[in-house]
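# Architecture at a glance
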Amino acid sequence: MKLSHLIFCLLLLSSCAFEPAGLNYVEVEKPAASYPLDIHLSLNEDSIYLYGDTKISFNLSTFGKSFNGAMIHYYDQKISTDQSAYSFTITPKQTSDWVDLTIDFYVSTGSGSIADKLKVENYIKSKTWKIKYFDLEKEGITTNYLIHPDGFLQLYMVLPKQRPGNECGMSKYGNDMPIARVSGDTIFFNDKSYCGGEGTYYLWYRYDSKHVVSRNINVNLPKAEIKVEAIGLDSCRVSWTKSPLKLYYVINDTQYKGFGNEYRTTILAAESKYFSLNVFPPDYLNQRFGSYSVSTYFSLGTPADYFMCYSVEKDRFFISRDATLSSIEKATPPLPTNEPNSRYKSKVNLICSPNGKYIAGYFYNQVYVYNEDLTLSKKIDGGSIPNYRPYYSVTNDGVFTYQQGVNIVMKNIANTDWTSFSFATDLDSNPNKVYFSIIANSIDGKYICVWGINEFRIYDVSDHKTAKVVYTLPAIEIGGVVAHPTNPGLIYVRHKGVMELRTCPGFELVKTIDIPITYYYFHSIDPYSNVMLMMKDQYYYFIDPNTSKVLLKLKLESLYDYNVSLLRNQFKTPLNVLDLTNYLK
Amino acid sequence: MKNNSDIAAILRISICFFIWLFLLSGVQAQRSSLSNERLRVWENMILKNDVYVSAYVGYGSYSMSSMRKLQNDFIVASGLPAVANSNFPPYWLYGISISQKYDDSLFGFDFESMSTGARSSIADYSGQFISDFKCSGLKLGFFVEKDFPFRLERIKGLRFGCHLEAGGLSSNVNQQTQIVINDLDQGTSTRQLQFKSVVPFLEPTLFTKGEINNKTILQFSIGYMIDIPVDVQISYSLPGYQVSWAGYRIKLGLVRQL
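Overview of the structure. Since the structure is predicted, the reported quantities are computational estimates derived from the model, not experimental observations. (Residues numbered from 1 in each chain as written. Chains lettered and ligands numbered in written order. Predicted model: local features only at pLDDT ≥ 70, side-chain atom pairs only at ≥ 80, totals over all residues. Heavy atoms only, no water.)

Okay, the overall build of chain A next. For chain A, the helix and strand inventory stands at 2 helices and 50 strands. Within chain A, residue pairs in contact and separated by at least 24 positions form 52% of the contacts whose partners lie at least 6 positions apart. Surface summary for chain A: the accessible area is close to 28,700 Å², and the carbon and sulfur share equals 48%. (Helix = DSSP H or I, 4+ residues; strand = E, 2+ residues; numbered from the N terminus. Contact = heavy atoms within 4.5 Å. Areas by Shrake-Rupley, 256 points an atom, 1.4 Å probe, with all protein chains shown as cover.)

If you want it as structure tokens, here you go:
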């Protein structure tokens, strides 16, 4: 044998190292395809709300099978456990989306196979929940308010879902308010003292021993607004906005008490009536806190605290609303209302000639004369004019006539050759002792009728220098005199108790007028409609001289409320103006 | 696989045993002084040049008691009712040697390869589990061989003798566990471990041999190898687990005089 053969044989043999071989196969029955498994999670919800670190427990019932393990997935976390009852804590991430929490449970099939013994043959049950983090500072708690069917304010807080805690409360301006009712996850609080307006409620919720979150509820139900509307010329309806709350209302302490929102009462023509509405909470018998009141003044017609006059020829009103008195305004019905805050502003007491050419006003001993363009022309010293029942007039010839004690003073406001003229009468120097309508100028300025203490006289003042008595009667025969507003040759006079229309200065009877009332005071005649304004007792009577009918009757606010006028059916009082057109037909 | 440190360890152990055997041979030649005798041995080895090479195949039983325990531990650890298919059985071995004749004795080096192993396995519909041990041993020994000074009357062509070998034995154990799970996308898992150890051994052998021709000898031997096992090493010492190749050896080889 050659050496090479020997080496070859050795190499051949050395390749025959021991190699293990064989495989023991055993027959094992395959397990069933599925097996019932029951999972109990501490939060038995499909969606889990996280408000912070949240401990979650699960318990898997394997019904006799051995539990191999579970794999928990959430966010980027993976937790494995070999315990069928296990707890873990989720530290949430502040994501805005719902994310999955998935737990895969692995339960042995129990087949005894290799895979089973190696725990890779399992019944797998996978369950997924949705989890989301809610920052309770911003979301997760719903608060709001509602009106309880019994009419009081009810605030509520819907606690976070799957809430970790239950302690909560509410306060208003530092005053704790008890929980009124709990319904499911909603906590109700009652505020029976709330009547409206702004209110801030502080609701808090403690979701663990360290954290309290709160919400503010701002309630601002509108407060009652009072509204007064005229009903005809003698009453008004006071109403106020209806609140969704069942509030208790009191008008002027006693005039109205109840839960309604309307009240009717009477009002006088020249009355500024004050209404005070006190609003009390639903539980008004026990709760006074929160009540409030609103008030208003109301008068009929249009508020008009200005002075005005009327030119029948021009069918135009002139009114004085300018506080500087440097100009006046013209107007036609409907007449304007007050300027804002006009109550304490200066206003000149206007009067104009029937032809509308001359306009003057009196204000603190000054006669303000205005041009036809309504600007101030000049001021004339007028001396003292009694401010109680003053008499003054402007006639068509441009003479401003007024009573100054026992004297009648005539100021020329036209640009003619005389300036002033005055004469004494037997008028009582104390105007409080004489009757109303003691003087009447014919509208042409030629005659002045004076009903004095002893006599009724008609003076001829046409030369503006002397006052010549052209007609006299005993004063007792006369009950009042008013110049005809459009005809300079006529006067209305109450002669021997009968209203008559007579000539001036001849005093010849033109006709008698039947007045349906007795013991009246003849105030004035509307130059536009000729309606006669009478006063008796506490009423104004508006009488049609042609038909002798009382067209309207209005109650006075006071017995001696003379400072009114009826011009073109506009009944002007120091407070307001009522358009009586529809009533004086 | 052997590395340099393993070879160095085998050589170191072999040289130690060579010195020991050389001194032992010196005791047998004590008729003259020790130093003079050694010089004469070296001179004869060089001058006479009776060199033999031998190649042999054999069959050995291997103790491997610790490995059997390790195999069982693997099965227990797996939790599977695996059954042994093979359990470190006796197996073939191979070797070569080179020797020099001196004064009716042969002195030489022997290089021998042994292998055995074990398998535990189980399989069912769901997959299979296989745990394999593959053990290989490489020994390098120095031997001295001497014929007995007698021959059998009936077979005068046969000679008998004894052979004593000592040296180092390197063991390499590859353990591989394979798990295959069906119906899984990545259902195959394989894990491998490799243990190593280097130990001294002593192997006394009785042999008989006969000449085939004037240059070739057929030799049959029976022996028993003794080793002193130590804990195997992975990257660290694995206490309690050794690889022991101790056991009976039967070898048949050809010896050729160069």
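The next subject is the overall build of chain B. Helix and strand counts for chain B come out as 3 helices and 11 strands. Counting all 258 residues of chain B, 48% fall into the buried class. Sequence separation of at least 24 residues holds for 72% of the intrachain contacts in chain B that already meet a minimum separation of 6. Accessible surface computed for chain B: about 13,100 Å², of which carbon and sulfur atoms make up 61%. (Buried < 20%, exposed > 50% of the residue type's maximum accessible area, 1.4 Å probe, protein only.)

In this structure the tally under the stated criterion is 23 salt bridges over all chains. One salt bridge connects Lys227(A) with Glu229(A), and the closest N-O pair in it is separated by 3.8 Å. Classification of Lys227(A) as partly exposed rests on a relative accessible area of 47%. Residue Glu229(A) is classed as partly exposed on the basis of its relative accessible area of 27%. Each of Glu145(B), Asp147(B), Arg159(B), Lys209(B) and Glu211(B) takes part in a single network of salt bridges with overlapping partners. (Salt bridge = Lys/Arg side-chain N within 4 Å of Asp/Glu carboxyl O.)

At the junction of the two partners, chain B supplies 39 residues and chain A supplies 28 residues. Buried surface at the junction of chain B and chain A, summed over both partners, amounts to about 2,800 Å²; 69% is from carbon and sulfur atoms. Counting the surface chain B buries against chain A, the share from its top three residues, Tyr94(B), Asp124(B) and Tyr125(B), is 25%. In this assembly, chain B and chain A are joined by 1 salt bridge. (Buried area = accessible area lost by both parts, 1.4 Å probe.)

A few words now on the side chain of Asp132(B). The residue Asp132(B) is located in strand β5 (residues 127-147) in this model. A polar side-chain atom of Asp132(B) sits 2.6 Å from a polar atom in the side chain of Arg119(B). (Polar contact = N/O pair within 3.5 Å; in protein donor to acceptor, adjacent residues only side chain to side chain.)

Moving on: the packing of aromatic side chains. Residue and element names in this part refer to chain A. Under the criterion given, the structure shown has 42 aromatic pairs over all chains. Both rings, one in Tyr 274 and one in Tyr 297, keep their centres 5.1 Å apart while their planes meet at 50 degrees; by these two values the pair is tilted. Here Tyr 274, found in strand β22 (residues 273-280), pairs with Tyr 297, found in strand β23 (residues 292-298); they are 23 residues apart in sequence, far enough to count as distant. Residue class for Tyr 297 comes out exposed when judged on its relative accessible area of 55%. (Phe/Tyr/Trp six-rings, centres within 6.5 Å; stacked < 30°, edge-to-face > 60°.)

Looking now at the nonpolar core. The biggest cluster of nonpolar side chains holds 62 residues, and the ones touching the most others in it are Tyr201(A), Phe542(A) and Phe571(A). Counting residues per element, this core draws most heavily on strand β16 (residues 212-221) of chain A, which supplies 4 residues. (Core = buried A, V, L, I, M, F, W, Y, C linked by side-chain atoms within 4.5 Å.)

For the rest of this paragraph, the subject is helix α3 (residues 65-78) of chain B. Residue and element names in this part refer to chain B. When the terminal C-alpha atoms of α3 are compared, their 20 Å separation across 14 residues agrees well with the 20 Å that a helix rising 1.5 Å per residue should span. Here α3 has its buried residues at Ser 66, Met 67, Leu 70, Gln 71, Phe 74, Ile 75 and Ser 78. With its phi angle positive at about 75 degrees, Gly 79 sits one or two positions after the end of α3. (Expected span 1.5 Å × (residues − 1).)

Glancing now at the environment of Tyr236(B). Its location among the elements puts Tyr236(B) in the loop between β9 (231-233) and β10 (237-242). Each C-alpha atom of the pair Tyr236(B) and Phe195(B) lies 9.6 Å from the other, and the pair is 41 residues apart in sequence.

The next thing to look at is unusual backbone geometry. Residues and elements named next belong to chain A. With an omega of 0 degrees, the peptide bond between Pro 333 and Pro 334 qualifies as cis. Here Pro 334 is to be found in the loop between β27 (329-331) and β28 (349-352). Of note in the backbone geometry, Tyr 364 takes a positive phi value of approximately 50 degrees without being a glycine. Mapped onto the elements, Tyr 364 comes out in the loop between β29 (359-363) and β30 (366-370). The phi dihedral of Asn 365 is positive, around 65 degrees, even though this residue is not glycine. As for its placement among the helices and strands, Asn 365 is situated in the loop between β29 and β30.

The next subject is the state of the cysteines. All names here are of chain A. Inspection of every chain in the model, using the stated rule, returns 0 disulfides over all chains. In this structure Cys 504 is not part of a disulfide, and its nearest cysteine sulfur, from Cys 449, lies 4.1 Å away. Cys 504 gets classed as buried once you look at its relative accessible area, which sits at 8%. (Disulfide = S-S within 2.5 Å.)

On to the sheet that holds strand β32 (residues 392-394) of chain A, then. Residues and elements named next belong to chain A. Reading across from one edge, β32-β33-β34-β35 is the order of the 4 strands in this open sheet, with antiparallel pairing throughout. A single partner strand is all that each edge strand has here, and the edge strands are β32 and β35 (420-424). Across the sheet, the axes of successive neighbouring strands diverge by a mean angle of 15 degrees, strand direction being ignored. As paired elements, β32 and strand β33 (residues 399-404) share 3 bridges and run antiparallel to each other. Its bridge partner lying in β33, Tyr 392 is registered against Tyr 402. (Pairing = 2+ DSSP bridges. Axes fitted to C-alpha atoms, helices over the stretch in contact; angles between N-to-C directions.)

Before going further, it helps to spend a moment on the sheet that holds β22(A). Residue and element names in this part refer to chain A. Taken together, 4 strands build an open sheet; the order of strands is β20-β19-β22-β23 and the sheet is antiparallel. Lying at the two open borders of the sheet, with one neighbouring strand each, are β20 (256-258) and β23. Averaged over all pairs of adjacent strands, the angle between strand axes in this sheet comes to 15 degrees, irrespective of strand direction. Pairing analysis gives 3 bridges linking strand β19 (residues 248-251) to β20, with the strands arranged antiparallel.

Looking now at the side chain of Ser320(A). All names here are of chain A. The residue Ser 320 is located in strand β26 (residues 316-320) in this model. Only 3.3 Å separates the side chain of Ser 320 from the backbone nitrogen of Val 348, close enough to count as a polar contact. If sequence neighbours within four positions are ignored, Ser 320 has contacts with Tyr 306, Phe 307, Leu 325, Ile 328, Lys 347, Val 348 and Leu 350.

We now examine a nonpolar patch on the surface. Residue and element names in this part refer to chain B. There is a patch of nonpolar side chains on the surface, built from Tyr 59, Trp 92, Ile 212, Leu 218, Phe 220, Ile 222, Ile 250 and Leu 252 and spanning about 730 Å² of accessible area. Listed by contribution, the elements that provide at least two residues to the nonpolar patch are β8 (216-227) and β11 (247-257). Among the elements that line the nonpolar patch, the one with the most residues is β8, at 3 residues. Relative to the helices and strands, Leu 252 resides in strand β11. By relative accessible area, Leu 252 is classed as partly exposed at 41%. (Patch = residues over 30% accessible without salt bridge, like charges linked within 9 Å, V, L, I, M, F, W, Y side chains within 5 Å.)

This part covers the environment of Asn252(A). Residues and elements named next belong to chain A. Within the fold, Asn 252 resides in the loop between β19 and β20. Non-local contacts of Asn 252, meaning those with residues more than four positions away in its chain, are made with Tyr 274, Phe 275 and Ser 276. Reaching out from Asn 252, the side chain makes a polar contact with the side chain of Gln 255 at a distance of 3.3 Å. Side-chain polar atoms of Asn 252 contact the backbone oxygen of Tyr 274, separated by 3.1 Å.

So, to be careful, I would describe these as geometric facts and stop short of saying anything about function.
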